[in-house]
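Structural overview for review
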Amino acid sequence: MKYTFLFLTYFIVSFVFGQTALEQQFKEIEPKVIEWRRYFHQNPELSNREFKTAEVIADHLNRLGLEVKTGVAHTGVVGILKGIGPGKVIALRADIDALPVTERNDLPFRSDVKTIFLGTETGVMHACGHDAHTAILMGVAEILSQHKDKIKGTVKFIFQPAEETPPPGEDGGSRMMIKEGVLENPKVDAIFGLHIRSGVNIGEIHYKPGGAMAAVERFVINVKGKQTHGSEPWNGVDPILISAKIIDGLQTIISRESELINEAAVISVGKITSGVRFNIIPESAEMIGTIRTLDPDMKTLIIKRMTEMTETIAKAYGGSATISFSNETAITYNDHKLVELMLPSLKKAAGENNVRQIKAETIGEDFSYFQELIPGFYFYLGGMTKGNTQVFPHHTPDFYIDEKGLLLGVKAFTQITFDYLQ
């Protein structure tokens, strides 16, 4: 009985001391995380061009004594932290690329970087929060490197380039990292990711079991008609008219054929190119758009019906049309068992009442390709000042997040790691 009491006392004292030390380390890491985030924000780099970003990350991980791999999928960085003994392998992922967006605010660390993107001069901006994700994961790496004696297993830190998709003609992103073996040597058992949100209150974490974000398909429709003078449309076949009818028809697939009570689905045409002059009915037209689905069966149905409808409508008006598809992301699918297992960890980090389940969204995320191979859990981190009445959306020149929300990201990843490896 005496020895049991002494053991319990030792355990309780060690636990309390460990928690106190960890809270102090969180306080010390917060200004560093904010400083890193501001550096990356002021020095953004586009997909597959994150050279300096990768250098800063690698230098940090090397100083922490981690095993570091660089040049993964062009510019990706992977850090490996081994604990005191064998155990499970957990991966934590952050995306590191910026967007071709010209920043429009008065922040002292705003981006003034300019570039030529697909032939157009533009600014470069972290308009989606990847600078925050990178800084958070660097902070987690520093915290966990000081607690190797409490880690039984391995932590793999994945700093992924080109989440916003690589430039045309290039490979990249999570798919290329997977091809190059990022989930192997050692083999990863589960992977976790987060995304800061400008419309979620700081201090909150939002999540969705199962399908959380949509599969993204890009489609291209080429319509062929017959050119003629604009004053004599009966002598030709108008591809612009056919395009309009196709667009109208495609929307009926969503409104009349898709079981929207199960999951959401979207078909959007974002670009139409046709013609050169006001009084010439052109010979051809091209439409480019996107499909968003959260259910594999709905995705199959929509693609099948789009193909049938495109060809049939064009033929009905005397022309012809072809449609092609390219996969951009899979469904971001949060493994139900993993969510159930790790939800208490998020509540420890944020507080019981600050972790909320939400509905699925039709945005896409290439974290999904990791989840196709191993269990994964992707959640949202609050980046909006409480009481704020104006939200600046992601991918816009005015995008803004409150840096006070970053520390919760560090705490959440740290807690998840400790608990998963226990």
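Description of the structure in this document. (Residues numbered from 1 in each chain as written. Predicted model: local features only at pLDDT ≥ 70, side-chain atom pairs only at ≥ 80, totals over all residues. Heavy atoms only, no water.)

So, on to the packing of aromatic side chains. Following the criterion strictly, the structure yields 8 aromatic pairs and no others. On the basis of an interplanar angle of 70° and a centroid distance of 5.6 Å, the ring pair of Tyr39 and Phe40 is categorised as edge-to-face. Classification of Tyr39 by relative accessible area gives partly exposed; the value is 29%. A ring pair is formed by Phe192 and Tyr420, whose centres lie 6.0 Å apart and whose planes are at 70°; its orientation type is edge-to-face. (Phe/Tyr/Trp six-rings, centres within 6.5 Å; stacked < 30°, edge-to-face > 60°. Buried < 20%, exposed > 50% of the residue type's maximum accessible area, 1.4 Å probe, protein only.)

Let's shift gears to the packing of helix H2 (residues 51-63) against helix H3 (residues 130-145). Direction vectors running N to C along H2 and H3 enclose 10°, while the axes themselves pass 10 Å from each other. On the basis of the axis angle, H2 is roughly parallel to H3. Residues Val56, Ile57, His60 and Leu61 of H2 form the contact with H3, whose own contacting residues are Thr134, Met138, Ala141 and Glu142. Among the residues making up the contact of H2 with H3, the classes are represented as 5 nonpolar, 2 polar and 1 charged. (Axes fitted to C-alpha atoms, helices over the stretch in contact; angles between N-to-C directions. Helix = DSSP H or I, 4+ residues; strand = E, 2+ residues; numbered from the N terminus. Parallel < 35°, antiparallel > 145°, perpendicular 65-115°, else oblique. Contact = heavy atoms within 4.5 Å. Nonpolar A, V, L, I, M, F, W, Y, C, P; charged D, E, K, R; others polar.)

What follows is about the packing of helix H7 (residues 336-350) against helix H9 (residues 406-421). In the contact formed by H7 and H9, the axes pass within 8 Å of each other and the chain directions differ by 135°. Here H7 lies oblique to H9, going by the angle between them. By crossing handedness, the relation of H7 to H9 is classed as right-handed. Packed against H7, whose contacting residues are Leu338, Leu341, Met342, Ser345, Leu346, Lys348, Ala349 and Ala350, the element H9 presents Leu408, Lys411, Ala412, Gln415, Ile416, Asp419 and Tyr420 at the interface. Here the residues of the contact of H7 with H9 are counted per class, giving 10 nonpolar, 2 polar and 3 charged. (Left-handed = near helix turned anticlockwise from the far one by under 90°.)

For H9, spanning 16 residues, the distance from its first C-alpha to its last is 23 Å, which sits close to the expected 22 Å at 1.5 Å a residue. Summarising burial for H9: 14 of the 16 residues are buried, a large majority. (Expected span 1.5 Å × (residues − 1).)

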